[in-house]
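So the chains spell out like this:
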Amino acid sequence: MGRAWRVPRAWDSMKTVLVSAVALIDVDGRVLLAQRPEGKSMAGLWEFPGGKVETDETPEAALIRELHEELGIGTWQSCLAPLTFASHSYENFHLLMPLYACRKWEGIPQSREGQALKWVHARDLSSYPMPEADIPLVPILRDWL
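Residues numbered from 1 in each chain as written. Predicted model: local features only at pLDDT ≥ 70, side-chain atom pairs only at ≥ 80, totals over all residues. Heavy atoms only, no water.

(A) Region of the structure containing the environment of Phe85. Secondary-structure assignment places Phe85 in strand E5 (residues 81-89). Taking the relative accessible area as the measure of exposure, Phe85 reaches 52% and is therefore exposed. Setting aside residues up to four positions removed in sequence, Phe85 forms contacts with Leu96, Met97, Pro98, Leu99 and Leu137. (Helix = DSSP H or I, 4+ residues; strand = E, 2+ residues; numbered from the N terminus. Buried < 20%, exposed > 50% of the residue type's maximum accessible area, 1.4 Å probe, protein only. Contact = heavy atoms within 4.5 Å.)

Right, dumping it as structure tokens:
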């Protein structure tokens, strides 16, 4: 009989945080990145738009809400295609982050929370410093586009 796998003790009490993210893809195949503003953790790093999933909220509903709050755009659940996900342990929490692809929305993305925005070709995504959890998503997105 084989040995049973055990989760290391440090993970037993680690909080899991669910965050939804989206790769907004424009007509030229570029992806929108947002730079974390000063005063936030990981300030200066580039990430896919999105945010924490609130209690009793689906990941898709969280994205629709966050896109409106952060970028002033609207989209629909039917326009959010699940693409992949990140699972990464930071020092104080474990992040689980589904990444959706979206090609259809209403409005023009604009910074509403002081974050810089940049449209980037998929081949150039790895040139931008990102949070550790986002880095494995880049080659998947690059290959998909």
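(B) How the structure looks around helix H2 (residues 59-71). In a regular helix each residue adds 1.5 Å, so 13 residues correspond to 18 Å; H2 covers 17 Å between its end C-alpha atoms and thus fits that length. Buried positions along H2 lie against strand E1 (15-24), strand E2 (30-35), strand E4 (50-52), strand E6 (93-102) and strand E7 (116-121). (Expected span 1.5 Å × (residues − 1).)

(C) Representation of the sheet that holds E2 within the structure. Strand order across the open sheet formed by 3 strands is E3-E2-E7, with antiparallel pairing between neighbours. In the strand order of this sheet, the two ends are held by strand E3 (46-47) and E7, each with one partner. Two elements, E2 and E3, share 2 bridges in a ladder whose sense is antiparallel. The residue bridging Ala34 from the neighbouring strand is Glu47, located in E3. (Pairing = 2+ DSSP bridges.)

(D) Here's a closer look at the packing of aromatic side chains. Inspection of every chain in the model, using the stated rule, returns 3 aromatic pairs. Here the aromatic rings of Trp105 and Trp119 are separated by 6.1 Å at their centres, their planes lie at 15 degrees, and the arrangement is stacked. With Trp105 in the loop between E6 and E7 and Trp119 in strand E7, the pair connects residues that are 14 residues apart, well separated along the chain. Given the relative accessible area of 27%, Trp119 is considered partly exposed. Over the face of the ring belonging to Trp76 we find Lys104, whose NZ or CZ atom lies 5.9 Å from the ring centre. (Phe/Tyr/Trp six-rings, centres within 6.5 Å; stacked < 30°, edge-to-face > 60°. Lys NZ or Arg CZ within 6 Å of the ring centre and 35° of its normal.)

(E) A look at the layout of surface pockets. Considered as a void within the structure, the largest pocket measures approximately 600 Å³ in volume. What lines the largest pocket is a set of 28 residues, and nearest its centre among them are Val19, Arg36, Glu47, Gly50 and Gly51. Only E1, E2, E4, H2 and E6 provide two or more residues apiece to the lining of the largest pocket. Per-element tally for the lining of the largest pocket: the top contributor is E1, with 4 residues. Its residues assigned to classes, the lining of the largest pocket comprises 14 nonpolar, 6 polar and 8 charged. (1 Å grid on protein atoms, 1.4 Å probe; cavity = no way out; pocket = protein on both sides within 12 Å on 5 of 7 lines; lining within 4 Å. Points joined across faces, edges and corners; volume = space filled by probe spheres on them. Nonpolar A, V, L, I, M, F, W, Y, C, P; charged D, E, K, R; others polar.)

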